[in-house]
Amino acid sequence: MTKNLLEDEKVKAALLAMIPYGRIGKPNDIANVVAFLASDESEYITGFWDVFITLRVSNPTVEKAEAKFQKVTWNGRKIKKYQNAAKEALEKDDQRCKMGSVKDLKILKRATPDNLGQARFIFSDRYSVFDWGEMPDHIHYKGAAIALLGAYFFEKLQDLGILTHYVGLVEDEIVKKLSEIKKPTNVMEIKLLRVIRPELKGNRYDYSIYRSEKGGFLIPLEVIYRNSLPLGSSVFRRLRDGDIKPADLGLDREPVPNRKLDRPILDVSTKLEITDRYLTWAEAQQISGLSDDEIIKLKNLTNTVNDIITEEFSKTGLVNEDGKIEVGFDQKRRLMLVDVLGTLDECRFTFDGLPVSKEIARVYYRNTAWYQATEVAKKKDRQRWKNICRLSPEPLPPKLKLLISQIYCACTNEIIENEWFKDVPPLKDILKEIKEILQI
């Protein structure tokens, strides 16, 4: 309905001027509101809302609740009536889909304290940089390339006896191993853990709930391995500001930019906060409730993943500079690798000094006014910075977007040693062209 209006730049500018968030709404913006109203988190809402909510979106999160919420004026007792009706409708449809910035999660069976759930990742062609969330354009074939490469590394780790949540790839609604797949797919089936979110109290998060949990949940940490430190690494800022000391990173002296480290640095951050933050390992152990032995096992697991990814990518001439893993506990409180790993989104690779994958998009956007606006907004309010950012990102130049797409495809082809994506130039040729465009 608004498509033609938005093609008129003057009309679009006038509309944006009236929107506090500074951008046109998307289906998922409505979906999140409906999911909230249908959840237990909204049970305290009893006030008067003189608002009409009309849903006409194609989104799995809300399609079952649509009829219940359509054209409803919320006030007093009515709100609880429709909350309960929508909640009931959503619970009947157990296959709910949670949308992230780069992939979606389709829940087939919910996780409980006693049993793992079942779900599917649907890897999209969306991408995100600088924690903005979904960017204005898509990278074609990115989702399938990541799904295939993620499966490759999960199966390699499982062959070594390492627990992961990976079950298989989905082709024609059948779960298969990578070797059985006939064509690229962007759907991966996984075992599902519970996500226990810490409560925000004032300006601090309360992680005390983790002290009583035994297993079957996502550990609220993200572990980062660093094989080198680029000049702009957050590590140098944190050292300069006195937030950390070299000893906190296992170093006996100040690191040197762009030089391979004698041994990897293992860094750690929060995972479930609105704006995640770096932690010392002592802080990470305190909030997560991990024992000394579990911290040691987590570090060893991270080093193993790092070694395997480094070795595999060396086949293509790419250097594994850094990457991350996410981990949970199964019901027996054994560490289990989750999310996805070893892909161009989870790791930072370079080729002759050129950053590879979505890092290329970061390089491009760092020279835009939008990036400068995000930095200003983050300094003003780290929790609500997106709401107050005065600019939105523009799409990538078409040629650069095509080359980034080809990087994802070529990398998957060359690591797995199978031509999943046809007519894609060799990775080195693509990177040479990107280097000329970005003038690096």
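For the structure, check the block above.
The model shown is predicted, which means the values in this text are computed figures rather than measured ones.

Reading guide: rules and limits
- Numbering of residues starts from 1 in each chain and follows the order in which that chain's sequence is written.
- Where local features are concerned, this predicted model is filtered to residues with pLDDT of at least 70; where side-chain atom pairs are given and counted, the filter is 80 or more; whole-chain, interface and lining totals use all residues.
- Side-chain measures were taken over the full set of non-hydrogen atoms in the model, leaving aside hydrogen atoms and water.
- An axis is simply a line fitted to the C-alpha atoms; with a helix, the fit covers only the stretch in contact. Between two such axes, the angle follows the N-to-C directions and lies from 0 to 180 degrees.
- In this text, helices come from DSSP runs of H or I with a minimum length of four residues, and strands from runs of E with a minimum of two, each type numbered from the N-terminal end.
- Roughly parallel means an angle under 35 degrees; roughly antiparallel, over 145; roughly perpendicular, 65 to 115; everything else is oblique.
- If you view the pair so one helix is near and one far, a crossing is left-handed when the near helix is turned anticlockwise from the far one by less than a right angle, and right-handed when it is turned clockwise.
- Throughout, a residue-residue contact means that at least one pair of heavy atoms, one from each residue, lies within 4.5 Å.
- In the scheme used here, Gly and all other residues not listed as nonpolar or charged are polar, with Ala, Val, Leu, Ile, Met, Phe, Trp, Tyr, Cys and Pro taken as nonpolar and Asp, Glu, Lys and Arg as charged.
- Multiply 1.5 Å by the residue count of a helix minus one, and that product is the helix's expected span.
- Burial status follows relative accessibility: with a 1.4 Å probe on protein chains alone, a residue under 20% of its type maximum counts as buried, one over 50% as exposed, and anything between as partly exposed.
- The arc in question is the one spanned by the directions pointing from the helix axis to the C-beta atoms.
- The definition used for a disulfide is geometric: two cysteine sulfur atoms within 2.5 Å.
- A cavity here means a set of points on a 1 Å grid, drawn over the protein atoms and nothing else, where a 1.4 Å probe fits but cannot get out; a pocket is an open set with protein on both sides within 12 Å along at least five of seven lines, and a residue lines either one if it has an atom within 4 Å of a point.
- Grid points are joined across faces, edges and corners, and a volume is the space filled by probe spheres set on the points.
- Among buried residues, the Ala, Val, Leu, Ile, Met, Phe, Trp, Tyr and Cys ones that are joined through side-chain atoms within 4.5 Å form a nonpolar core.
- Any Phe, Tyr or Trp ring, taking Trp's six-membered ring, that has another such ring centre within 6.5 Å forms a pair; planes under 30 degrees apart are called stacked, those over 60 apart edge-to-face, and the others tilted.
- We count a charge as sitting over a ring when the NZ of a lysine or the CZ of an arginine lies within 6 Å of the ring centre and within 35 degrees of the ring normal.

**Q** Can you walk me through the packing of helix α6 (residues 142-159) against helix α13 (residues 398-416) in this structure?
**A** Helix-helix packing is characterised by the crossing angle of the two axes and by the distance between the axes. Following both chains from N to C, one finds α6 and α13 inclined at 25 degrees, their axes separated by 9 Å at the closest point. Regarding the angle of α6 to α13, the classification is roughly parallel. For the crossing formed where α6 meets α13, the hand is left-handed. Judged by residue contacts, K142, A145, I146, L148, L149, Y152 and F153 of α6 engage Y408, C409, T412, I415 and I416 from α13. A breakdown of the residues in the contact of α6 with α13 according to their chemical character gives 10 nonpolar, one polar and one charged.

**Q** Even after reading the chapter, I still don't get helix α11 (residues 369-380), so can you show me in this structure?
**A** One turn of the α-helix equals 3.6 residues, which is why residues spaced by three or four share an orientation. With 12 residues, α11 should cover 16 Å at 1.5 Å per step; its first-to-last C-alpha distance of 17 Å lies within 8% of that length. Where α11 is concerned, the buried positions are W370, Y371, A373, T374, A377 and K378. Down the axis of α11, the sector holding all buried residues measures 155 degrees, keeping them to one side. Exposed residues pointing more than 90 degrees away from the buried face of α11 are listed as K379 and K380.

**Q** Whenever I open this one, the state of the cysteines confuses me. Can you help?
**A** Simply put, the disulfide is a covalent bond whose two ends are the sulfur atoms of two cysteines. Counted by the stated rule, this structure contains zero disulfides. Just so you know, C347 is unpaired, no disulfide at all, and the nearest cysteine sulfur is the one on C411, 9.7 Å from it.

**Q** Looking at this structure, how should I read helix α8 (residues 281-288)?
**A** All of the buried residues along α8 are W281, A284, I287 and S288. Down the axis of α8, the sector holding all buried residues measures 130 degrees, keeping them to one side. Exposed residues on α8 whose side chains face more than 90 degrees from its buried face are A282 and Q286. Tucked inside the fold, the buried residues of α8 contact β11 (217-228), β12 (260-270), β13 (278-279) and α9 (292-313).

**Q** Would you explain empty space enclosed by the protein in this entry?
**A** Unoccupied space between atoms shows up once a probe the size of one water molecule is rolled over them. Considering all chains together, one arrives at three cavities of 30 Å³ or more under this definition. By volume, the largest cavity amounts to about 50 Å³. Forming the walls of the largest cavity are V102, K103, F123, K142, I146, V340, D345 and E346. For the lining of the largest cavity, a count of residues per class yields four nonpolar, no polar and four charged. Approximately 40 Å³ is the volume attributed to the second largest cavity. Lining the second largest cavity are R238, I244, D248, L249, L266, D267, V268, L279, T280 and W281. In terms of residue count, the dominant contributor to the lining of the second largest cavity is β12 (three residues).

**Q** I'm lost on the nonpolar core in this one. Help?
**A** Soluble globular proteins tend to bury their nonpolar side chains together. F313 and L337 are the most contacted members of the largest nonpolar core, which has 99 residues in total. With 11 residues, α6 is the largest single contributor of residues to this core. Apart from the residues lying within four places of it in its own chain, the contact partners of L337 are F154, L157, I162, L163, T164, H165, L301, V305, I325, E326 and V327. Within the second largest apolar cluster, nine residues are counted, among which are V235, L239, L251 and L261.

**Q** When you look at the packing of aromatic side chains in this model, what are you seeing that I'm missing?
**A** For any pair of aromatic rings, the description consists of the separation of the ring centres together with the inter-plane angle of the planes. Scanning the model with the defined rule gives 15 aromatic pairs in all. Their ring planes at 80 degrees and their centres at 5.4 Å tell us that Y152 and F153 sit as a pair that is edge-to-face. Its relative accessible area of 15% is what places Y152 among the buried residues. According to the relative accessible area criterion, F153 is buried, its value standing at 0%. Considering the side-chain rings of F217 and F329, the 5.7 Å spacing of their centres and the 70 degrees angle between planes classify their relative orientation as edge-to-face. Residue F217 is found in strand β11, and its partner F329 is found in strand β14 (residues 319-329); the two are separated by 112 residues along the sequence. In this structure F217 comes out as buried when scored by relative accessible area, which is 0%. These aromatic residues form a ring-pair network of at least three members: F130, W132, Y364, Y365, W370, Y371 and W385. Positioned over the ring face of F121 is K103, at 5.0 Å from the centre of the ring. The cationic tip of K386 hangs over the ring face of W132; the distance from NZ or CZ to the ring centre is 5.2 Å.

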